Amino acid sequence: MRDNTIGEAHRPGRIEVVCGSMFSGKTEELIRRMRRAQFARQRVEIFKPSIDVRYSEEDVVSHDQKHIQSTPIDSSASILLLANDIEVVGIDEAQFFDNGIVDVCNELANRGVRVIVAGLDMDFRGQPFGPMPALCAIADDVTKVHAICVRCGNLAYVSHRKVLSDKRVLLGETQEYEPLCRECYQKEKATFREKA
């Protein structure tokens, strides 16, 4: 079997999506891939939505405190302006970007740039989140990562919101969200309906 690390610098022009629920290791995987590109002496740039200031205003930070320098931006169009002469572009929390992120990623890949995108595939209601379905559709490679259900230990399916709020975007951590498998999520929804 051929080692997929051979020729990493000779595989330009592609889109890789890493998706899953909260606490599944999406950002950790993005950081790992970006660091490998840096070790390969490739020119890299990482972008994140400026609204994500949970751990740092500047850096992309995983839940286990791994971090890498990034550029916070308000609009996906900014990526094209800031990614000149870049060989590998990383994008964290892609679900928070506008739908233009899909065209941006396609344009970069068509220019020969390797684009690595991480984001939540579903919101707290279990609905596809923002541009993530379209990004998965155009990706050359999709990696779905899973957290562990905090109730039963099975693979998690969704990020269950533990606080009352109907806002689709509500930044939070373990106080606000928990990963649940499909069965535990359905039980939680049924319990909530009974209380209402």
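Look above for the structure.
Remember, it's a predicted structure, so these values are computed and weren't measured experimentally.

(A) Layout of the environment of I15. Positionally, I15 belongs in strand β1 (residues 14–20). Between the C-alpha atoms of I15 and V115, which are 100 residues apart in sequence, the distance is 4.7 Å. Excluding anything up to four places from it in sequence, I15 contacts C105, N106, A109, V115, I138, A139, D140 and D141.

(B) The packing of aromatic side chains, seen in detail. Scanning the model with the defined rule gives 2 aromatic pairs in all. Seen in terms of ring centroids, F96 and F129 are 6.0 Å apart; in terms of plane orientation they differ by 85°. Their pairing is edge-to-face. Placement of the pair is F96 in the loop between β6 (88–91) and α3 (100–110) and F129 in the loop between β7 (114–120) and α4 (132–138), with a sequence separation of 33 residues. Ring geometry for Y157 against Y185: centres 6.4 Å apart, planes inclined by 50°, an arrangement best described as tilted. Separated by 28 residues along the polypeptide, Y157 in the loop between β8 (141–145) and β9 (158–161) and Y185 in helix α5 (residues 182–195) bring together distant segments of the chain. For Y185, a relative accessible area of 6% gives the class buried. Positioned above the aromatic ring of F124, the side-chain terminus of R161 is 3.6 Å from the ring centre. The lysine or arginine in question, R182, covers the ring of Y157, its NZ or CZ lying 4.0 Å from the ring centre.

(C) Representation of the environment of M22 in the model. When you line up the elements, M22 lands in the loop between β1 and α1 (26–39). Measuring from C-alpha to C-alpha, the distance between M22 and H146 comes to 8.5 Å, with 124 residues separating the pair along the chain.

(D) Molecular detail of the side chain of R33. Topologically, R33 is positioned in helix α1. Among the polar contacts listed, one links the side chain of R33 to the side chain of T143, at a separation of 3.2 Å.

(E) Spatial organisation of unusual backbone geometry. Despite not being glycine, D85 shows a phi value in the positive range, around 60°. A positive phi angle, near 55°, is found at E93, a position not held by glycine. One can find E93 in the loop between β6 and α3. Overall, the relative accessible area of 9% leaves E93 in the buried class.

Reading the values: rules and limits
Residues numbered from 1 in each chain as written. Predicted model: local features only at pLDDT ≥ 70, side-chain atom pairs only at ≥ 80, totals over all residues. Heavy atoms only, no water. Helix = DSSP H or I, 4+ residues; strand = E, 2+ residues; numbered from the N terminus. Contact = heavy atoms within 4.5 Å. Phe/Tyr/Trp six-rings, centres within 6.5 Å; stacked < 30°, edge-to-face > 60°. Buried < 20%, exposed > 50% of the residue type's maximum accessible area, 1.4 Å probe, protein only. Lys NZ or Arg CZ within 6 Å of the ring centre and 35° of its normal. Polar contact = N/O pair within 3.5 Å; in protein donor to acceptor, adjacent residues only side chain to side chain.

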